[in-house]
Amino acid sequence: MIGRAPIFQSIFGEQWSQLPSVMQKHYANRPYCHDVVTVEGKMTIEVSFFMQLLSPLLRITGALVPYAGENIPVTVHFRSQKDSDAYCFDRIFYFHGKPPYHFCSQMRSVGNSEVVEFMRIGVGWRAWYSYDGRKVVMAHRGYAIKLFGKLVRLPLELLLGRCNAEEEALDDKHFRMYMDIRHPLWGKIYGYSGEFMVTEMVLDR
């Protein structure tokens, strides 16, 4: 196990060595093992009226967090899997007066610095990862679904809009992140942002 490279090292390529230390910790998970990196922080979640109408669907499909709020405590476990090269998210949101809400997804590299984040229903968001010297940028590359082992593009932008995100190091332990979804007709329909601290790294030996 020692010497195996992190999943995201090949995704960032030569930019990996340029990443701030907190981002290398954030993306430290290696494939085919039991690595777990945990971050904790608080987030603000914005849900437009249009997305509120879709809230029941969001809860059923687990595609996005269906509730809005400010300064919501959040714990995120980034997990590796013994039998795959997936980078797994387990996000836990602690909304006041509600049970903890889990939002889980899996990221998989598809080459050329592109990653697909698959939601529970199997639909994936395609994003191109890069580091611009200040921020990790996740640029929208479309939606897709995997059928018979192949990635098939889904033209969902007119329904769901375009998603873009970024992360920025604050110091060796803290980073901030931002994500929004913008519809071509209705503008920003969803967004979340927050600051996190890397609180635990359990790397499999």
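Reading the values: rules and limits
Residues numbered from 1 in each chain as written. Predicted model: local features only at pLDDT ≥ 70, side-chain atom pairs only at ≥ 80, totals over all residues. Heavy atoms only, no water. Helix = DSSP H or I, 4+ residues; strand = E, 2+ residues; numbered from the N terminus. Rg over C-alpha atoms; globule rule 2.2 N^0.38 Å. Buried < 20%, exposed > 50% of the residue type's maximum accessible area, 1.4 Å probe, protein only. Contact = heavy atoms within 4.5 Å. Areas by Shrake-Rupley, 256 points an atom, 1.4 Å probe, with all protein chains shown as cover. Lys, Arg positive; Asp, Glu negative; His and termini not counted. Charge placed at Lys NZ, Arg CZ, Asp CG, Glu CD. Polar contact = N/O pair within 3.5 Å; in protein donor to acceptor, adjacent residues only side chain to side chain. Salt bridge = Lys/Arg side-chain N within 4 Å of Asp/Glu carboxyl O.

Visitor: Describe in detail the overall build of the protein chain, supporting the description with residues and values.
Guide: A count of helical and extended segments in the protein chain gives 5 helices and 11 strands. For the protein chain, whose C-alpha radius of gyration is 17 Å, the value lies close to the compact-globule estimate of 17 Å for 205 residues. Burial status across the protein chain gives 48% buried among its 205 residues. Nonlocal contacts in the protein chain, meaning residues at least 24 apart in sequence, comprise 51% of its contacts between residues at least 6 apart. Surface exposure of the protein chain reaches about 10600 Å², of which carbon and sulfur atoms provide 55%. Separation of charge centres in the protein chain, based on 24 positive and 21 negative side chains, amounts to 5 Å.

Visitor: Pulling in residues and values, what's your account of the side chain of S105?
Guide: Tracing the backbone through its elements, the reader meets S105 in strand β4 (residues 101–111). Classification of S105 by relative accessible area gives buried; the value is 5%. At a separation of 3.1 Å, a polar atom in the side chain of S105 contacts the side chain of R91. Excluding residues that lie within four positions of it along the chain, S105 makes contacts with Y87, C88, F89, R91, E117, F118 and M119.

Visitor: Outline the pattern of salt bridges, supporting the account with residue identities and numerical values.
Guide: Applying the stated criterion across every chain yields a total of 12 salt bridges. One salt bridge in this structure joins E117 and R91, with 2.7 Å as the shortest N-O distance. With a gap of 26 residues between them, E117 in strand β5 (residues 114–118) and R91 in strand β3 (residues 87–93) connect regions that are remote in the sequence. As far as the burial class goes, E117 and R91 line up, both buried. Here D180 ties to R182 by a salt bridge, and the two come within 3.2 Å at their closest N and O atoms. By relative accessible area, which is 8% here, D180 ends up buried. The exposure class of R182 is partly exposed, given its relative accessible area of 42%. Each member of the salt-bridge network shares a partner with another, and the members are R134, E168, R176 and E195.

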